[in-house]
Protein chains: 2
Amino acid sequence: MTSIIVNLPEQSYEIAIAPGGIDQLGEMMSNLKLGKKVLLVSNPTIFKHYGQRVLASLEAAGFEVVSCNLSPGERYKTLSSVQKIYDTALENRIERSSTMVALGGGVIGDMTGFAAATWLRGINFVQVPTSLLAMVDAAIGGKTGVNHPQGKNLIGAFHQPRLVLIDPEVLKSLPVREFRAGMAEVIKYGVIWDAELFAQMEESKRLDQLRYIKAELIEAILNRSCQAKADVVGKDEKEAGLRAILNYGHTIAHAVESLTGYRVVNHGEAVAIGMVAAGQIAVKLGMWKKEEAERQDALIQKASLPTKLPDGVDIEAIIESLQLDKKVKAGKVRFILPTQIGVVTITDEVPSDTIREVLQAMQ
Amino acid sequence: MTSIIVNLPEQSYEIAIAPGGIDQLGEMMSNLKLGKKVLLVSNPTIFKHYGQRVLASLEAAGFEVVSCNLSPGERYKTLSSVQKIYDTALENRIERSSTMVALGGGVIGDMTGFAAATWLRGINFVQVPTSLLAMVDAAIGGKTGVNHPQGKNLIGAFHQPRLVLIDPEVLKSLPVREFRAGMAEVIKYGVIWDAELFAQMEESKRLDQLRYIKAELIEAILNRSCQAKADVVGKDEKEAGLRAILNYGHTIAHAVESLTGYRVVNHGEAVAIGMVAAGQIAVKLGMWKKEEAERQDALIQKASLPTKLPDGVDIEAIIESLQLDKKVKAGKVRFILPTQIGVVTITDEVPSDTIREVLQAMQ
């Protein structure tokens with residue numbers, strides 16, 4: 001078992017990476033001195049795979065558990081789904097000392113975290129991510145929320161979990177498209193923070209399916225990605241500065257996802273497209289070497305992730321939509337751009353024409 | 001102008017009590033280095049009285065203001081109303097650096113605060129309370145939220161304002177029933193924290209209407225109540241301990257409000273009833289002198305506030321409903337009980353039978 005600590009001023013917490021760990025969830029939570037009641041939030045698919053094991057582990061540790069299954073998918077990441085969590089919390093008298101446990105991918109984690117942030121003005125919350133994307137990214141760092149019909153994650157709160165439990169064995173049941181989506185965030189850590197992780201991924205023949213990737217590389221992917229996220233969040237919990245680098249590729253990604261109604265590309269695929277675009281913008285602005293951008297794009301392709309815009313997305317609509325991004329300040333869109341592999345910079349000085357040219361080349 | 005500071009580890013803020021102050025809102029906000037955009041939230045009645053003056057003041061100080069008026073009343077304190085604030089925020093590109101301003105009573109303040117807490121994971125927020133209750137209580141301390149159909153304030157967040165601006169002149173347009181409701185919270189401060197304020201109110205011939213109360217007493221009521229709230233919140237922002245004393249009278253109040261559908265008694269009236277009940281419980285448990293409880297009840301009556309339960313409320317339903325209160329821990333209901341005027345204690349050792357007897361006597 002690997003243990004990574006997210007150091008925060010108010011309350012630090014552990015990211016435990018433990019094969020077979022979902023059977024130890026109850027035991028691990030016992031050490032945190034939480035109240036007896038647990039509200040387990042999942043979706044029907046995930047719950048069928050792991051629900052019973054998680055329930056058994058929690059009950060063996062003395063927790064009283066009720067569960068709530070939500071419809072799967074980004075388009076159900078809404079206030080109405082959160083309302084279902086509230087209703088279950090009310091019916092089962094979930095108290096301030098109780099805990100909400102998210103068993104699922106990023107969507108379940110974000111909504112459960114938001115419900116926990118806002119039920120009785122904030123109760124305990126534990127993340128058990130089941131997708132690669134949630135393991136290395138969404139489950140860590142306390143960003144919670146739901147989508148507004150016209151924009152992703154516009155409604156939300158910062159609310160840190162008390163524990164993040166990652167069981168790598170769970171990845172075996174992850175659909176291949178979801179695995180690749182997670183790889184997009186892993187490649188992101190290579191580009192923005194960890195050139196060594198980037199190099200390790202370059203050495204691997206394949207990155208597109210779990211079973212073709214060496215166990216040591218999977219271990220490095222999980223450990224180094226979680227460490228990167230923990231480092232950045234520990235230095236800047238509320239995104240006053242540094243933490244914004246985690247949004248590398250996300251500015252354009254959010255626009256693409258939103259404009260295609262969250263139905264065409266998933267978040268990871270959108271991030272891949274966003275990283276290609278950001279890389280090209282950096283090259284065009286003379287900030288990044290063309291060869292390094294090509295190395296990034298090669299990794300993205302090795303993970304079978306897209307490097308072109310989905311058909312039919314209107315470029316002007318993307319540019320318009322960027323104005324809606326949470327990261328806009330005084331009308332200026334903020335971009336995270338690489339300057340070398342492992343290092344990025346933040347700028348709001350990207351001309352619309354440059355964005356337009358880059359996107360046109362990606363059609 | 002009186003200035004009271006709420007001292008908090010992350011960000012302290014000022015409660016400014018200034019006659020005619022709503023015309024200085026823009027100027028005061030300029031000093032806080034906020035972004036240019038302001039979303040002003042109010043209700044049609046309040047907006048008709050003060051909206052134009054507030055807009056003029058904000059615009060004179062260079063802010064770009066959009067406004068959003070919500071239906072008035074506790075029964076509209078819902079996620080759907082908050083959704084309207086989100087929609088206005090989206091349409092008008094409210095950014096992280098923007099500010100939401102609540103112009104209204106506790107309902108408007110709580111919802112605007114919750115919208116500000118959760119829009120883009122938290123933006124700036126200013127309170128301009130227009131009711132006595134909001135001035136002395138709801139607008140200070142960062143508790144924000146909405147009601148669940150089955151329980152008050154079950155959904156919410158802690159989010160501190162950047163400024164609370166109290167203009168006592170606004171009280172002149174406050175309906176008398178609302179004024180009395182605010183007096184309930186003022187009497188509460190007397191009982192839990194400030195025996196001197198209690199004594200000053202005992203000396204006044206009337207407490208039931210603004211125009212019959214001496215200007216010096218109104219000034220003392222505002223200053224001392226805000227100071228009491230600021231003191232308590234400054235010592236315990238997130239209600240880990242001490243802050244719970246502010247819930248004196250509120251445990252039973254919430255049950256009564258909820259069981260009568262928020263239509264029969266308003267919050268202050270419910271608190272008056274709750275204080276009478278809590279006082280009687282304290283007397284029955286031998287913790288408080290009967291004579292002091294009578295002095296409390298006399299003040300409540302002098303403010304023309306109720307001391308009996310509304311007709312038709314089922315006592316067993318109240319006792320059942322107490323279990324839903326946010327303050328329940330491991331199934332035990334927590335009560336704040338006076339031990340002398342100006343001093344309370346917190347206990348979860350109140351037998352249901354005692355609650356039942358006291359409530360029966362209040363029918």
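In this text the structure is predicted, and so the values were computed from the model without any measurement.

A few points about the packing of aromatic side chains
All names here are of chain A.
Stage number 1. A complete count under the given rule lists 2 aromatic pairs over all chains for this structure.
Stage number 2. The interplanar angle of 25° and the centroid separation of 5.9 Å between the aromatic rings of Tyr-86 and Trp-119 together place this pair among those described as stacked. Residue Tyr-86 is located in helix H3 (residues 79-91), and its partner Trp-119 is located in the loop between helix H4 (106-118) and strand S6 (124-129); the two are separated by 33 residues in the primary sequence.
Stage number 3. Its relative accessible area of 0% is what places Tyr-86 among the buried residues.
Stage number 4. Note on Trp-119: relative accessible area 2%, which makes it buried.
Stage number 5. The ring of Tyr-189 carries the charged tip of Lys-188 above its face, separated from the ring centre by 4.9 Å.

Re the domain arrangement of chain A
All names here are of chain A.
Stage number 1. Examined at the domain level, chain A breaks down into domain 1 (2-173) and domain 2 (176-361).
Stage number 2. A C-alpha centroid distance of 25 Å is found between domain 1 and domain 2.
Stage number 3. Around 2800 Å² of area is buried between domain 1 and domain 2 when both sides are counted, 66% of it from carbon and sulfur atoms.
Stage number 4. The three residues of domain 1 that bury the most area against domain 2 are Leu-132, Val-136 and Lys-152, which together make up 22% of that side's buried surface.
Stage number 5. For the pair domain 1 and domain 2, the interface holds 3 salt bridges.
Stage number 6. Residue Asp-137 is joined to Lys-229 by a salt bridge in which the shortest nitrogen-to-oxygen separation is 2.6 Å.
Stage number 7. If you list the elements that add at least two residues to the side of domain 1 that touches domain 2, you get strand S1 (2-6), strand S2 (13-17), helix H5 (132-138), strand S7 (143-148) and strand S8 (151-158).
Stage number 8. Residue classes in the side of domain 1 that touches domain 2 are distributed as 17 nonpolar, 8 polar and 6 charged.

Some points on the relation of the copies chain A and chain B
Stage number 1. By a simple turn and slide, chain A fits onto chain B: the slide is 0.0 Å along the axis, the RMSD is 0.0 Å, and the turn is 180°. Expressed as a symmetry operation, the mapping of one chain copy onto the other fits a two-fold axis.
Stage number 2. Mapped onto chain B, 100% of the interface residues of chain A again fall at the interface, so both copies present the same surface.

Notes on the pattern of salt bridges
Stage number 1. For the coordinates displayed, the defined rule picks out 40 salt bridges over all chains.
Stage number 2. Close ionic contact of Arg-224 of chain A with Asp-194 of chain A constitutes a salt bridge, the shortest N to O distance being 2.7 Å. Note that Arg-224 of chain A is positioned in helix H8 (residues 215-235) and Asp-194 of chain A in the loop between helix H6 (176-192) and helix H7 (195-203), a separation of 30 residues in sequence.
Stage number 3. For Arg-224 of chain A, a relative accessible area of 29% gives the class partly exposed.
Stage number 4. Across the pair Glu-316 of chain B and Arg-356 of chain B runs a salt bridge whose closest N-O atoms are separated by 2.6 Å. Here Glu-316 of chain B is found in helix H12 (residues 315-322), whereas its partner Arg-356 of chain B is found in helix H13 (residues 352-361), with 40 residues between them in sequence.
Stage number 5. Residue class for Glu-316 of chain B comes out partly exposed when judged on its relative accessible area of 38%.
Stage number 6. Bridged by salt links that share partners, the residues Glu-74, Lys-77, Asp-110, Lys-152 and Glu-257 of chain A form one connected network.

A few points about the sheet that holds strand S9 (residues 163-166) of chain B
All names here are of chain B.
Stage number 1. Spatial strand order, S1-S2-S9-S6-S5-S3-S4: 7 strands in an open sheet with mixed pairing. Sheet topology places strand S1 (2-6) and strand S4 (64-69) at the edges, where each strand pairs with a single neighbour. Averaged over all neighbouring strand pairs, the angle between strand axes comes to 20°, with direction disregarded.
Stage number 2. By the bridge criterion, 4 bridges tie strand S2 (residues 13-17) to S9 in an arrangement that is parallel. Within S9, the position partnered with Ile-17 by the bridge is Ile-166.

Some remarks on the sheet that holds S6 of chain A
Residue and element names in this part refer to chain A.
Stage number 1. With respect to topology, 7 strands assemble into an open sheet ordered S1-S2-S9-S6-S5-S3-S4, the strand pairing being mixed. Both edges of this open sheet fall to S1 and strand S4 (64-69), since each of them pairs with a single strand only. Each strand of the sheet is rotated relative to its neighbour by a mean of 20°, with strand direction disregarded.
Stage number 2. Looking at chain direction, strand S3 (residues 37-42) and S4 are connected through 6 bridges and run parallel. From the neighbouring strand, Leu-39 faces S4, where its bridge partner is Val-66.
Stage number 3. Packed on one face of the sheet, H4 meets S3, strand S5 (99-104) and S6 and runs near 170° to S5.
Stage number 4. Those strands touched by H8 are S1, S2 and strand S9 (163-166), and its axis lies near 15° from that of S1.

Comments concerning the side chain of Glu-185 of chain B
Residues and elements named next belong to chain B.
Stage number 1. Its place among the elements puts Glu-185 in helix H6 (residues 176-192).
Stage number 2. Note on Glu-185: relative accessible area 0%, which makes it buried.
Stage number 3. Looking at Glu-185, its side chain comes within polar contact range of the side chain of His-250, at 3.1 Å.
Stage number 4. Leaving out residues up to four positions away in the same chain, Glu-185 has contacts with Leu-133, Val-136, Asp-137, His-250, His-267 and Val-271.

Considering the UniProt feature "domain: 3-dehydroquinate synthase N-terminal" (unreviewed entry) in chain A
Stage number 1. As annotated by UniProt and renumbered to match this structure, "domain: 3-dehydroquinate synthase N-terminal" (unreviewed entry) occupies residues 69-180 of chain A.
Stage number 2. For residues 69-180 of chain A, the helix share is 34%, the strand share is 28%, and the end-to-end C-alpha distance is 25 Å.

As for unusual backbone geometry
Stage number 1. Look at Ser-304 of chain A: it is not a glycine, yet its phi comes out positive at around 55°.
Stage number 2. Its location among the elements puts Ser-304 of chain A in the loop between helix H11 (290-302) and helix H12 (315-322).
Stage number 3. In this structure Ser-304 of chain A comes out as partly exposed when scored by relative accessible area, which is 38%.
Stage number 4. In the Ramachandran plot, Leu-120 of chain B falls in the positive-phi region, its phi being about 55° despite a non-glycine side chain.
Stage number 5. Within the secondary structure, Leu-120 of chain B is located in the loop between helix H4 (106-118) and strand S6 (124-129).

Focus: the UniProt feature "binding site: NAD(+)" (unreviewed entry) in chain A
All names here are of chain A.
Stage number 1. Under the present numbering, the feature "binding site: NAD(+)" (unreviewed entry) in UniProt falls on Gly-106, Val-107, Ile-108, Gly-109, Asp-110, Thr-130, Ser-131, Lys-143 and Lys-152.
Stage number 2. Mapped onto the elements of the fold, Asp-110 is located in helix H4.
Stage number 3. In this structure Asp-110 touches Lys-77, Ala-138, Lys-143, Thr-144, Gly-145 and Asn-153, once residues within four positions along its chain are discounted.
Stage number 4. Tracing the backbone through its elements, the reader meets Thr-130 in the loop between S6 and H5.
Stage number 5. Leave out the neighbours within four places in its chain, and Thr-130 touches Ile-46, Leu-103, Gly-104, Gly-105, Met-135, Val-170, Leu-171 and Leu-174.

Quick notes on the rules
- Residues numbered from 1 in each chain as written.
- Chains lettered and ligands numbered in written order.
- Predicted model: local features only at pLDDT ≥ 70, side-chain atom pairs only at ≥ 80, totals over all residues.
- Heavy atoms only, no water.
- Phe/Tyr/Trp six-rings, centres within 6.5 Å; stacked < 30°, edge-to-face > 60°.
- Helix = DSSP H or I, 4+ residues; strand = E, 2+ residues; numbered from the N terminus.
- Buried < 20%, exposed > 50% of the residue type's maximum accessible area, 1.4 Å probe, protein only.
- Lys NZ or Arg CZ within 6 Å of the ring centre and 35° of its normal.
- Domains from an automatic or database assignment.
- Buried area = accessible area lost by both parts, 1.4 Å probe.
- Salt bridge = Lys/Arg side-chain N within 4 Å of Asp/Glu carboxyl O.
- Nonpolar A, V, L, I, M, F, W, Y, C, P; charged D, E, K, R; others polar.
- Least-squares fit on C-alpha atoms with pLDDT ≥ 70 in both.
- Contact = heavy atoms within 4.5 Å.
- Pairing = 2+ DSSP bridges.
- Axes fitted to C-alpha atoms, helices over the stretch in contact; angles between N-to-C directions.
- Polar contact = N/O pair within 3.5 Å; in protein donor to acceptor, adjacent residues only side chain to side chain.
- UniProt positions renumbered as here; feature names shortened; annotations may be inferred.

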